[in-house]
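# Notes for the structure review
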Amino acid sequence: MQNNFPYIEPTIRTIAGTLLTLSGLIIYFFSEHTGIALALLFFVSLNLAQSGFTRFCLMEKILKKFGFRSELEEIRDLNLAMAISEAEALSNIETLNMLNEVVIGITPQLNLSHVSKPIESLLGNAHLVDTFIGKPIAEIVFPADRVLVHDALSKILFDATGTWTLRFRLARGGIDEFWVEGKFFRREENGRATEIRGILRDITEPYLQEQRIVHMALHDALTGLPNRALLEDRMLQAVLDAEREGTKTAVIFVDLDNFKQVNDIYGHKAGDQLLVEVTKALKANLRQCDTVARWGGDEFIILLSRVNGLEDVRKMAGSLANAVGAHLLKNHPDYHVTLSLGGSIYPDDAKTPENLLIQADKALFFAKSQGRNNAKLFGEISKSELGYKDVDFTSDFSAAIRNELIQVYYQPIVDAHTHLPIGMEALARWHDEKYGWVSPTTFIPLAETLGSIEKLGHQVLEQALRQFAQCDTSMASGMFISINISNRQLVSNTFVADLIECVNRHAVNPKKIKLEITESVAVLGIDRAHELLSRLASAGFTLSLDDFGTGYSSLSYLHALPVDEIKIDASFVRRIQTDAGRVMVEAITHLGHALNMNVVAEGVESKECADILSGMGIDMLQGNYFRQASPKDECMSYIAACSKNAEAARAA
Ligand code: C2E
Ligand code: MG
Ligand code: MG
């Protein structure tokens with residue numbers, strides 16, 4: 001058992017003995033009890049002398065009696081501790097050899113001076129530790145990483161403090177992705193490096209996993225192209241390079257025209273495949289130094305570095321569009337997919353990546369608004385007579401759709417005899433800080449040109465049905481809601497399914513929903529129009545032919561279409577007080593009734609007009625005379641007030 005009492009060093013014991021001797025002398029000279037003092041003096045002196053010349057020490061024996069550690073014990077424990085640490089050191093080497101980490105020593109000439117055994121399993125069993133000793137470190141490093149390792153070790157040799165961590169690949173036959181993490185530190189004598197010590201750890205699996213995660217975070221999963229995050233980084237780099245070198249760089253937005261149709265008609269798989277093909281075609285027609293990234297959906301962005309200016313970019317964009325267009329035409333002639341491009345140039349059009357993108361986006365929208373399969377550069381548009389405003393307007397409107405800023409207002413539709421509301425028409429509204437209230441007659445055709453009408457239509461449908469379902473059921477129970485449907489929505493393969501899904505989700509009876517189709521549905525051809533409208537009719541919806549009498553004369557096919565109602569266009573209603581106007585409205589009304597259809601007159605602005613129309617036997621009226629379009633709550637208050645007044649009148 002080990003003694004836990006302290007060990008008293010001989011020096012201290014000698015000092016203690018001397019002090020005792022002195023006290024003995026003092027007692028001897030100043031006390032009467034000299035006998036005890038002399039005995040004490042004799043004992044200590046003797047003991048001290050004995051302690052000095054022999055190994056035996058009586059005082060130590062006495063101290064030991066009281067439990068203190070003896071000198072022999074102390075010496076034995078010290079020896080034991082030394083033996084243990086030596087054994088541990090030896091076993092550490094064994095342990096190191098058992099670990100997966102490789103311990104290496106590197107000479108200032110960058111040769112291996114020591115390599116622990118696990119290097120054999122790290123590099124494959126054919127290698128033996130001893131064969132590496134004296135060889136350059138480069139021999140165990142993957143060729144492509146040798147310069148990196150050499151440079152890093154040289155740096156460590158000359159100006160390193162602390163531990164350096166370096167990731168590189170080992171040269172393991174046939175495997176080019178064998179990653180290790182090396183931790184290195186420098187050993188030195190008299191300020192000069194004598195050796196670099198290092199530990200190598202196999203990190204292949206976690207490293208590749210990490211790389212995969214980084215790649216996923218920066219690339220688009222479908223096409224493998226850089227995504228927005230990586231593109232923004234590359235753009236910043238390109239702008240900085242151009243600034244430093246005094247060169248120009250260009251950004252081109254590429255958008256696929258009719259891509260939505262491919263998705264709708266041929267399915268999402270075909271759409272995905274097309275995106276992959278376009279990616280390949282774009283890459284094949286770009287220079288090595290250019291970047292193509294996927295911005296989202298069917299939009300790509302191309303970053304052209306070191307361009308000469310507008311003409312150069314125009315040529316590159318043109319040949320890119322031609323080459324990819326030709327590829328698509330050859331491989332998918334039935335898709336009718338073309339490319340629209342919009343570009344901007346640093347530093348001519350903008351000085352920051354963000355603004356370059358904004359200008360390129362404007363150029364793209366401008367290109368699209370001029371017709372598909374078009375390319376425009378921002379620099380060209382600014383010189384055109386249309387100026388900035390239209391481009392801004394277009395892109396602001398697109399942003400409004402993207403950000404779902406389109407609202408829905410409601411205009412009541414009244415019974416022509418009672419003048420009581422029986423339904424309401426949902427009308428899209430866009431308010432912008434810059435432009436104020438923008439008329440749908442402006443933005444609906446724009447949305448059609450830009451290909452965003454389906455998105456807009458969906459937002460209106462969603463909002464209208466949600467709000468209609470929220471309306472007081474007793475108030476809305478007998479009411480219907482009219483929703484305008486653009487032809488482009490109508491031809492979309494998913495339209496009917498989306499519509500039914502939306503109606504079911506909001507638990508609205510399709511019988512209460514009137515779909516207002518414009519007369520121009522005739523351009524689709526009678527068979528196609530019939531087919532599309534029949535699908536809606538058999539799903540239970542009421543169909544109304546809006547703006548009747550304008551545009552395409554539909555008299556010839558009116559009887560062949562499954563429509564329940566015609567809405568006489570406001571342009572006729574406005575002329576009701578003229579003979580010609582009256583004759584036209586009467587003729588349309590008779591025609592509608594003859595075909596078993598309801599007739600609605602819109603644009604009723606006065607009592608006189610309302611009375612004339614009612615007198616003609618028209619079924620429903622709509623117009624600012626009754627109420628103009630307003631938000632849901634206002635419209636519902638109007639409807640509630642009307643029915644309250646009617647009840648009061650009945651009671652009176
Ligand atoms: P519309 O479907 O014929 O709608 C009737 C238009 O006449 C509405 O114009 C309405 O506000 C306006 N109006 C009603 N009563 C009067 C009146 O007494 N006097 C005058 N001057 N105008 C009156 P708004 O809201 O400007 O809509 C214009 C057109 O835009 C609509 O004509 C419709 O074709 C289209 N539109 C509106 N919302 C949508 C929508 O959500 N989808 C689609 N595809 N088209 C829409
Ligand atoms: Mg309408
Ligand atoms: Mg109309």
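Residues numbered from 1 in each chain as written. Chains lettered and ligands numbered in written order. Predicted model: local features only at pLDDT ≥ 70, side-chain atom pairs only at ≥ 80, totals over all residues. Heavy atoms only, no water.

Every protein donor of the magnesium ion (ligand 3) is listed here as D546 (OD), D547 (OD) and E602 (OE), and their distances to the metal cover 2.0 to 2.3 Å. When the donor residues of the magnesium ion (ligand 3) are listed from N- to C-terminus, their spacing reads D-D-x54-E. A distance of 4.0 Å spans the gap from the magnesium ion (ligand 3) to the magnesium ion (ligand 2), which D546 bridges by coordinating each metal. Of this pair, D547 sits in strand β16 (residues 542-548) while E602 is found in strand β18 (residues 598-602), placing the two residues 55 residues apart along the sequence. For D547, a relative accessible area of 24% translates into the label partly exposed. (Donors = N, O, S within 2.8 Å, 3.2 Å for Na, K, Ca; no water. Helix = DSSP H or I, 4+ residues; strand = E, 2+ residues; numbered from the N terminus. Buried < 20%, exposed > 50% of the residue type's maximum accessible area, 1.4 Å probe, protein only.)

The 5 strands are arranged β7-β8-β6-β9-β10 in an open sheet whose pairing can be described as mixed. This sheet does not close on itself; its edge strands, each paired only once, are β7 (291-296) and β10 (375-377). Averaged over all pairs of adjacent strands, the angle between strand axes in this sheet comes to 20 degrees, irrespective of strand direction. As paired elements, β7 and strand β8 (residues 299-307) share 5 bridges and run antiparallel to each other. When the bridges of β8 are listed, R294 appears paired with F300. (Pairing = 2+ DSSP bridges. Axes fitted to C-alpha atoms, helices over the stretch in contact; angles between N-to-C directions.)

All right, on to the environment of D176 then. Checked against the element boundaries, D176 lands in the loop between β3 (164-169) and β4 (179-189). You can call D176 partly exposed: its relative accessible area is 44%. On a C-alpha basis, the gap between D176 and P143 in space is 9.4 Å, while along the polypeptide they are 33 residues apart. Setting aside anything within four residues of it in sequence, one finds D176 in contact with F142 and R169. (Contact = heavy atoms within 4.5 Å.)

What follows covers the environment of A464. Counting through the fold element by element, A464 comes out in helix α17 (residues 453-470). In this structure, the C-alpha to C-alpha distance between A464 and E425, residues 39 residues apart in sequence, is 9.4 Å. If near-sequence neighbours (up to four positions away) are discounted, A464 is found in contact with V408, Y410, A426, I481 and I483.

Turning our eyes to something else, we now look at the packing of aromatic side chains. As enumerated under the stated definition, the model contains 11 aromatic pairs in all. Judged by centre distance (5.6 Å) and plane angle (55 degrees), the ring pair of F393 and W430 falls under tilted. Here the residue F393 occupies a position in helix α15 (residues 387-402), and W430 occupies one in strand β12 (residues 421-432), the gap between them amounting to 37 residues. Note on W430: relative accessible area 0%, which makes it buried. Ring geometry for Y625 against F626: centres 4.8 Å apart, planes inclined by 65 degrees, an arrangement best described as edge-to-face. Here a set of aromatic residues connected by ring pairs shows up, and it is made of F393, F397, W430, Y435 and F443. (Phe/Tyr/Trp six-rings, centres within 6.5 Å; stacked < 30°, edge-to-face > 60°.)

This part covers the pairing of strand β5 (residues 192-202). As paired strands, strand β1 (residues 102-106) and β5 are joined by 5 bridges and run antiparallel to one another. Counted as the bridge partner of V102 is L200 from β5. With 10 bridges joining them, β4 and β5 adopt antiparallel strand pairing. Residue pairing for β5: G182 is matched across the bridge by L200. The antiparallel hairpin formed by β4 and β5 contains 2 residues in its connecting segment, where N190 sits at a positive phi of about 50 degrees.

Next up on the list: helix α9 (residues 228-245). Each full turn of the α-helix corresponds to 3.6 residues, which orients residues three or four apart in the same direction. Here α9 spans 25 Å end to end across 18 residues, near enough to the 26 Å set by a 1.5 Å rise per residue. Those residues of α9 that fall on the buried side of the exposure criterion are L230, L231, M235, A238, V239, D241 and A242. Where α9 is buried, its residues contact α8 (204-218), β6 (248-257), β7, β8, β9 (338-346) and α13 (353-369). Where α9 begins, one side-chain oxygen reaches toward the backbone nitrogen of A229, 3.2 Å away; that side chain belongs to N227. (Expected span 1.5 Å × (residues − 1). Polar contact = N/O pair within 3.5 Å; in protein donor to acceptor, adjacent residues only side chain to side chain.)

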